[in-house]
Amino acid sequence: MPIVNIITTREGSGPGRTSVTAEEKARLIKGVSELLLEVLGKPLDATFVTIQEVDPDNWGWGGLPALEFRRQRAEAAAKAAGEAGPPPAD
């Protein structure tokens, strides 16, 4: 009896969304269950899938709250891109 836990941040999967949609959750459950059937031969009716959505304020990454980590990473990437300069002229 496999039990699969999927944990995501409660941010949604697109602009204006604040959580994963019911359709997306259904697709995750179906996909994970079918993967266990295909790879391990586990029957669909023996597989349990839970989906937990965590508020981004309750999620840490790299020693920082996740949103701050992402902000710093985006700033570093933008800075690195700016330092690369324009492409060479032909």
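You'll find the structure just up there.
Residues numbered from 1 in each chain as written. Predicted model: local features only at pLDDT ≥ 70, side-chain atom pairs only at ≥ 80, totals over all residues. Heavy atoms only, no water.

1. Considerations on the overall build of the chain
In terms of helices and strands, the chain carries 2 helices and 4 strands. Secondary structure elements in the chain, listed N-terminal to C-terminal, are β-α-β-β-β-α. Here the chain has a C-alpha radius of gyration of 19 Å; the compact-globule value for 90 residues is 12 Å, and the former is much larger. Structurally, the chain occupies a C-alpha span of about 60 × 40 × 25 Å along its principal axes. Going through the 90 residues of the chain one by one, you find that 14% of them count as buried. Taking the intrachain contacts of the chain between residues at least 6 apart in sequence as the baseline, contacts between residues at least 24 apart amount to 53%. (Helix = DSSP H or I, 4+ residues; strand = E, 2+ residues; numbered from the N terminus. Rg over C-alpha atoms; globule rule 2.2 N^0.38 Å. Buried < 20%, exposed > 50% of the residue type's maximum accessible area, 1.4 Å probe, protein only. Contact = heavy atoms within 4.5 Å.)

2. As for helix H1 (residues 22–40)
With 19 residues, H1 should cover 27 Å at 1.5 Å per step; its first-to-last C-alpha distance of 27 Å lies within 8% of that length. One or two positions beyond H1, positive phi appears at Gly 41, with a value near 70°. (Expected span 1.5 Å × (residues − 1).)

3. Considerations on the pattern of salt bridges
If you walk through the whole model with that rule in mind, you get 5 salt bridges. Salt-bridge contacts for Glu 24 lead to Arg 17; the nearest nitrogen and oxygen are separated by 3.1 Å. Residue classification places Arg 17 among the partly exposed positions, given a relative accessible area of 38%. Glu 68 is the salt-bridge partner of Arg 71, the closest N and O atoms lying 2.4 Å from each other. Note that Arg 71 and Glu 68 are positioned in helix H2 (residues 66–84) at a spacing of 3 residues, about one turn of the helix. Its relative accessible area of 26% is what places Glu 68 among the partly exposed residues. Each of the salt bridges in this network shares a partner with another, and the network as a whole consists of Glu 68, Arg 71 and Glu 75. (Salt bridge = Lys/Arg side-chain N within 4 Å of Asp/Glu carboxyl O.)

4. Quick look at the environment of Glu 38
Considering the arrangement of structural elements, one finds Glu 38 in helix H1. A residue is classified by how much of its surface remains accessible, and Glu 38, at 67% relative accessible area, is exposed. Counting along the chain gives 31 residues from Glu 38 to Ile 7, while the straight-line C-alpha distance between them is 23 Å.

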